Structures are given as structure tokens and as C-alpha cells.
Amino acid sequence: MERIPFWRNVKTIGVLAQVVFVMVLLAGVAILFSNVTSALSRANLPADFGWLGSRAGIPIAETPIPYTTNDPYWRALLIGLLNTLRVALVGVVLASVIGVAVGVMRLAPNFLIRTIATIYVELLRNVPLAVQIVFWYTAVLLPSPPRINNPVELPGGVLLSNVGLAFPFLYPGDRFAAWWPWLVTAVLAALVGGIWRARVARAAELPLRVWPVPVALLLGIAAVGYAVAAFGQPEKSALAVDFDVERGRGTVFVDLDGDGRRGAGERAVPFASTVVRVELAELTTSTQNLSESRRMVPSTFRFPLIRDRDVAEVEVGFVDADAAEQAGYRLHFEHFPSRGVVYVDHDGDGAFSRGEEIDPVTGVGYSGVELVMTLRGFERAIVADRDGQIRTPSFRPAGSALAADDGGGDTVGRGVGVFSSFGAAATEAEIEPLRAEVDLRASGPLVLSRVHVPVSSYEGGMRLTVNYLALLFALVIYTSAFIAENVRGGILAVDKGQREAALALGLSSGQVFSLVVFPQALRVMLPPTISQFLNLTKNSSLAPLAAYGELFVIATITANQTGASVPVALLLIVSYLLISMVFALVLNVVNARIKLVER
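Draft legend 1. Structural detail: the environment of alanine 177. Along the chain, alanine 177 falls in helix 5 (residues 176–204). A residue is classified by how much of its surface remains accessible, and alanine 177, at 64% relative accessible area, is exposed. Between the alpha carbons of alanine 177 and alanine 229 there is a distance of 8.6 Å; along the sequence they are 52 residues apart.

As C-alpha cells, this is what we get:
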């Protein structure tokens, strides 16, 4: 048989065409690279990535991993990437939940629910995302919540203020390393159990639920391992706490030389559990006229947040009792003993009435009135942060603030706890030295860190700034409106006969939706929803509108400082491309698992 010449062979020509195309493409890239590098060289701008190891000097407010301005650029960019993922991953979950709920509501038989969902979708998806970010940041989260020294206390130990949201959080304790092998074993056992359960279901040709067995294995092994690690013999350590009670600061560290003071080379220990005790101390403050939460708050006083469980006994009064008595000042507590107002009982009823905190002569509040809080038996459990730092209010020796010579001041207070009036002046003999005792506590694999406000910032727990919240809220609400339409379209794509057949079998309306309608609708709604997830991730580059330090913000600052605009742009392209590919890969695998298999 005569052999066909290669220039007439279709397969050979196809391969050669692809080879030529790749060579031309590589040549074009090489020419472009040569032109760009030579142009950058003539402009004395960096064309490589050698600057990544240089000192960044970029201050970043939110750092998921330890970072200082002396760290290199690559670490600053890594923090930007992690901040982007914090927004993207949380945003995808929240947008999915809200989008599904609103999409279902759009098809509800109730007119009011259906109308509310329609307005939500049509309004929010047609308002530009940049406008929504600016709205949440400048119109809602910055001016609306109260100041940090007057946080809103929500259930579960959650605090909300103008610096953000803080809530208790679990961190790895000193026994976490002993629990880690158990966790790995639990995950492997869950994977094996899931594969085995799936094979049993296929062999039996029955609609068995696969997930209960692997979940039970995961939770069971993890729980047993936690108990073994928590009650095992603790390792001996040379930990100590270098604590200054008057500054209210301390560090948990490995005390190598045993002197109780942290020196060079002595490593700080993160997330160590401590108890700080102060037998007798005092705090001072003075009243102010504040603009807070869009209104004026006159004659207000704010001590650091002290809860009932923190102290055995607490007393609050005026520093100068004589002057306070002559002026007729009284105290009214909004949250005893930390927050309240100074007022004058003009109507003589012995109780605070609105308007009595304002001087009728000047029309303003009583500012500059000095107050003192004396605490006895202060005790607070504090978990060190990731830098090993612990903080308390900046205490003073008890009696050091009292200035009056003799008493008689009648101070009226409301609240829960002990309240007393101060009159007699403190002498030097009565001022006791300030003493603090800090004990280290053994903890399990996980330690619960609670939120407290020692001075003017959150300490402990997990803290979300208003910048992060503004960006997250805007991205979630904007994207959920589009996801809601995908959900509505997916549900409408399910044939009405499927619902009728399910109802004919005796299933309830809830069972029809969860077992018949939604699983089939999921196959229709998931592909366009994947695109919305990717859009949410890429839209996080609008973070400068909320002053949030994510990847695009830090990359822009880096380009301005180094002049390496082209290398920085390449890093941005690669980073967003990798994030998008991971999202697409995971969700496409899920989409392939749930799609209909045609025979």
C-alpha cells in the first residue's frame, strides 16, 4: 500500500499546525518579555522579583499571621492574599445561604414574602457594588455603633462597637500537639468509612445515606482523642509571665534563665491560659460630652469594661467628694460599674430624669468631673494572644486618687453590685502598694478566649474590624441577589409533574421541596452560581473603598514603593487566577457528581 506523504496526512498536518502555533506564541511572549524588560531597564525600574525580600514597611491593620513593618514584601503580599481569602470564603458561604433563602422566598405563595424578596433582588443587584461598600462603611458601620469604651453587649459574650465586632473563639492550647494525631486519624477513618458506605449503597442498589457513618467516625475518634489529650500527663515547662500591673501589660514566655523577666532569645508563648488577680486597686476617669451613634451624649463617664464575675466588690464615687456635694452631683449608671452619667437632681425626686445631665445655665453637660472606681478581689481569666501578650486595665494603687479632706458627699447610684460614697481623704499611710498575681493554667487541646476591653481596644477572642465587615456585607448582599435569581430559575426548571407525583405519594410540602425539587434544581442553578462565587472573589479588589488591606490594596502600595508595576501585576494575575481555578475545580467536581447520568 502506497504511503501517504506527510504534507497530505490530515493528522500530521494538525500536529504540525499546533507545534507551529505554540512556537509562534512562545516567540511572541519572548519578544514581549524582551521589550518590557529592556524598557523597564532603561527607566531604571525593576523587571524581576528581587525586591520581594526587601523590607516592606507597610503597616497592615489586620494580619492573620504575625507581621511587622520590618518583614519583607513577600510576607506583606501573603497577608493580603490571606485577607482576600478571609473575605471570599466567608462571603461565598453567607451569600449562598442568603441567596437560597431569598430565591425560595421569591416563589412563596405568600404575597408579602414574595414581594419583599422581589424588592431585595431588583433593588440590590441594580445598585453598583462600589456604592454599597461606601454605604456600609461610611453610613452604617463607622457612625452607628457606640464607641469602644461603650460597646453593645450581645448574647454569648459578643461585643459590637465602632471598631468592629468581637466574639469568643477557640484557639490551640498547650495540649493541641497531643490531639493532632487523633485528628489525622479521624479524618482518614472518615474517608475510609465514606468510601465503604458508598460501595455498600451501590451494591445494595438502595438510596442509603452515605454521610452519617463518616461523620460519626470523625466525631467519635476526635472526641476520644480530645479526652485523652486533655487528661493526659501535662508536659513540664518553664513558662513564666512578665507582667507590669500599672501598665496592664504582660508577656507569657519560656523562662530559660529562671529570673521571671523576659530576655533576649526567650520565646513568647501564644494562646497560654492565665488568671490575673489584683487584691485592691482603683481606676480613674472623668466625664465628657461625646458625639456618639449620631447623637450627643453629655456628662458621660466610661471606665474600662468590668463585669460582675471580674470582681468580688466594687465601689464608685467622686474624687473630690466635697466639690461634688456642693455642686449637687449624683451618679446614674447605665451599666454598673463601668458606664453612666453625672447629673444634678433638679426635681428633687432622688432619681435620674432625662435632661438632668445638662446644665440649665450653659446648656451643655457636666464635663471634667473626676471619678474613681475601687476594686477588691479583681480576677480575670485571660488567654494570651498569638504574640504571647496579655492585657488588663491600667490599675493604680487604691486611695491614690482621693483628694477631699473630709466627706459628707451623698452619692446615689443604681446598678447591680456594691456601690458606696467616698468622703474621707486618703493619706499616704492608707495607700497600699499595687500588687498583682498572675497564674498559668493548664488547658486542653483547645482553649476558649473571651473578649474584654482593657483600655480602648478589644483583646481576646476573634475580632472583625468595621473595614472587613463593610466589605463583607456589601459583597454578600450584592452577590446573594444574583444567586437568588439562579435559585429561582433552577426551581422553575423542575417540571410541575415532579411535584405532583411526590404529593401523590403522600410526601409533605417540605419533603417535596427538600427531597424532590431542590436536588433537581441544584443541577440547574450550580453552574451559574459558580460564576457568582468567582465574581465575589474578584470583586474583593474594591476593598480600598472600605480601607481594608487585602491583596489588591497591598499590591498597589508595593508597586508604588518599589516601582515594580509589571512584576506586581503578574503576581496579581497569577493569584486571582489560582483562586478562580481552585474554586472552579472544586465546584465543577461537585457539579459532575450531581448531574444527571444519561444512558
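From this point, the narrative continues.
Draft legend 2. Representation of the sheet that holds strand 1 (residues 152–154) within the structure. Within the open sheet, the four strands sit side by side as 1-2-3-17. Their pairing is antiparallel. Looking at strand neighbours, the two that pair on one side only are strand 1 and strand 17 (462–465), the edges of this open sheet. Strand-to-strand twist across the sheet, computed as the mean angle between neighbouring axes with direction ignored, equals 15°. Pairing of strand 3 (residues 164–167) with strand 17 involves four bridges; the strand directions are antiparallel. For leucine 165, the partnering residue across the bridge sits in strand 17 and is leucine 464. Strands in contact with helix 8 (residues 466–493) are strand 2 (158–161), strand 3 and strand 17; relative to strand 17, the strand with the most contacts, it is inclined by about 70°.

Draft legend 3. Quick peek at empty space enclosed by the protein. Enumeration over the complete set of coordinates arrives at one cavity of 30 Å³ or more. Its boundaries defined by the atoms lining it, the largest cavity holds a volume of some 30 Å³. Ile382, Val383, Asp385, Gln389, Ile390, Arg391, His452, Glu459 and Gly460 together form the lining of the largest cavity. Within the residue set of the lining of the largest cavity, elements represented by two or more residues are strand 13 (370–383) and strand 14 (389–391). In terms of residue count, the dominant contributor to the lining of the largest cavity is strand 14 (three residues). In terms of residue class, the lining of the largest cavity is made up of three nonpolar, three polar and three charged.

Draft legend 4. Geometry of the pattern of salt bridges. One pass over the structure, following the stated rule, counts 17 salt bridges. Glutamate 153 is the partner of arginine 339 in a salt bridge, and the nearest nitrogen-oxygen pair spans 3.8 Å. Placement of the pair is arginine 339 in strand 12 (residues 339–344) and glutamate 153 in strand 1, with a sequence separation of 186 residues. Judged by its relative accessible area of 7%, arginine 339 falls in the buried class. Several salt bridges converge on common partners, so that one network encompasses Arg106, Glu122, Arg125, Glu485 and Arg488.

Conventions used here
Residues numbered from 1 in each chain as written. Predicted model: local features only at pLDDT ≥ 70, side-chain atom pairs only at ≥ 80, totals over all residues. Heavy atoms only, no water. Helix = DSSP H or I, 4+ residues; strand = E, 2+ residues; numbered from the N terminus. Buried < 20%, exposed > 50% of the residue type's maximum accessible area, 1.4 Å probe, protein only. Pairing = 2+ DSSP bridges. Axes fitted to C-alpha atoms, helices over the stretch in contact; angles between N-to-C directions. Contact = heavy atoms within 4.5 Å. 1 Å grid on protein atoms, 1.4 Å probe; cavity = no way out; pocket = protein on both sides within 12 Å on 5 of 7 lines; lining within 4 Å. Points joined across faces, edges and corners; volume = space filled by probe spheres on them. Nonpolar A, V, L, I, M, F, W, Y, C, P; charged D, E, K, R; others polar. Salt bridge = Lys/Arg side-chain N within 4 Å of Asp/Glu carboxyl O.

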